[in-house]
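# Survey of secondary and tertiary structure
What follows is the residue order along each chain.
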Amino acid sequence: MSQTATDQTPWPSAGRAWSIAIILMLANTLAFVDRQALALLVQPIKQDLHISDTAISLLYGLSFTLFYVAVGLPIARIADRSNRRNIVAGAIFVWSVATSLCGLARSFTTLFMARVGVGAGEGGLTPAAYSLLSDTFPKERLALAMGVYQMGLYLGSAAALVIGGLISTVIPPSSTVILPVLGAMKGWQLVFFLLGIPGIALAALTLTIREPLRRGVAPTQASVPLSQFFAHVGAHRKAYIGIMLGFALMILVGNGTAVWIPAFFERRFGWTTAEVGKLYGPVVFFCGMSGALAGGLFASWLRKRGAAHANLQASLAGFIILIPITIAFPLMPTPALALTLIGLMNFFAGFNFGGGLAALQEMTPNRMRALMSAAYMLTINLIGAALGPTAIALVTDYWFHNPNDLHLAISLVCAVASPLSVVMLWIGLKAYRDMGRAAVNPVASPVAG
């Protein structure tokens, strides 16, 4: 059982805390490298495996989500009562090996199974990472730490695009190379194989993290019964459902656009894979990273000025700004205008995540945090990761019946999902405010937390 802290126990030093946050951010970076690498290589994979846009969306969403969801909840239960550092290290190792196996796939079925392995590995990361950060940073710095962790999303996506683009410049994705032992490989397979290797070293580095003491937990409390967890969530269901569905719908937009933006540039403006990596990759890096950092700083700034609900207020502002941007970028007449709006989209998408995740952690008792994180990841992956790419593909294949109308499909899906995300998050914020008032005046509240 993990050791616990008292109210008088000092927090980890700033140096130790930020070293943990940076290692976890690097882990999150590698987790997103494989996802965006697949998006970059949509066109050559389609040509070699002779599959449709809908099949590509299943490789990006459903295959990954299947075991991500299946592994996430049981791993979260373990993380709520055991060493979270070891869980993170093991998760990194598993998904890194599976990423390299994607490079050995010779058919849709084998690539699908390798992607299932990637999801199984990544399912263990986020619940343990969120719980680690919540016991490493005090509330006034947690939003910033969450923002740093989420920077990995954009660093990983950008790294996959830039590195994949560079490799594609030297070895075109559809070309064939002969390697010792491995034999003949396509250029796109080589990208996957090489991207999985750095994770082995990072898994070893993660083992240098010292497990922080748990806070707000009785020393004899090993874990929380599931009935108590469901009772807590049920008592505050509007807050949890509103926040989780709000973020799930925005991630539907984010994942759906992320997987199809490279193909969008290739089909609408005739860009090559190397051009997409060279031009789109830096936009993801600078705009997404700065947005994630700015969102965490903004939420922390609001908190210091006395805004009790700063985390969700910052996120809601970003969600509202994203509505016109997500609808308009696919309709731009030039690649420069489209890329400009995509940069803004990445900034404000990154702006949202640190504060919202911090709010969920604050709402949840310590021994329930990893399980709540897993429930959150289950929701956003079933709705966002699995449905987002597939919704756009289905509209393209079965509504417009033309791959070259991909830009219209992207805009249509965003026009539905983006406004709905704002409505749901507003409902969650209102209920979150009610939770705060009940905590201050519990006699007046009919809800037992």
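Up top is the structure these notes are about.
Residues numbered from 1 in each chain as written. Predicted model: local features only at pLDDT ≥ 70, side-chain atom pairs only at ≥ 80, totals over all residues. Heavy atoms only, no water.

Our next topic: the pairing of strand β2 (residues 176-179). Across four bridges, β2 lies against strand β3 (residues 183-186) in antiparallel orientation. Opposite V177, over in β3, you have M185 as the bridge partner. From the end of β2 to the start of β3, which pair antiparallel, there are three residues, and V181 there has a positive phi angle of about 70°. (Pairing = 2+ DSSP bridges. Helix = DSSP H or I, 4+ residues; strand = E, 2+ residues; numbered from the N terminus.)

We now examine the environment of P74. Mapped onto the elements, P74 comes out in helix α3 (residues 53-79). P74 gets classed as partly exposed once you look at its relative accessible area, which sits at 42%. (Buried < 20%, exposed > 50% of the residue type's maximum accessible area, 1.4 Å probe, protein only.)

So, on to the pattern of salt bridges. Across all of its chains, the model carries four salt bridges by this definition. One salt bridge in this structure joins R84 and E211, with 2.6 Å as the shortest N-O distance. Here R84, found in helix α4 (residues 84-102), pairs with E211, found in the loop between α9 (198-206) and β4 (214-215); they are 127 residues apart in sequence, far enough to count as distant. For R84, a relative accessible area of 0% corresponds to the buried category. Salt bridges linked by common partners bring K46, D53 and R267 together as one network. (Salt bridge = Lys/Arg side-chain N within 4 Å of Asp/Glu carboxyl O.)

The next thing to look at is helix α8 (residues 187-195). The element α8 is extensively covered by neighbouring structure, given that seven of its nine residues are classed as buried. Along α8, the residues that are buried comprise G187, W188, Q189, L190, V191, F192 and L195.

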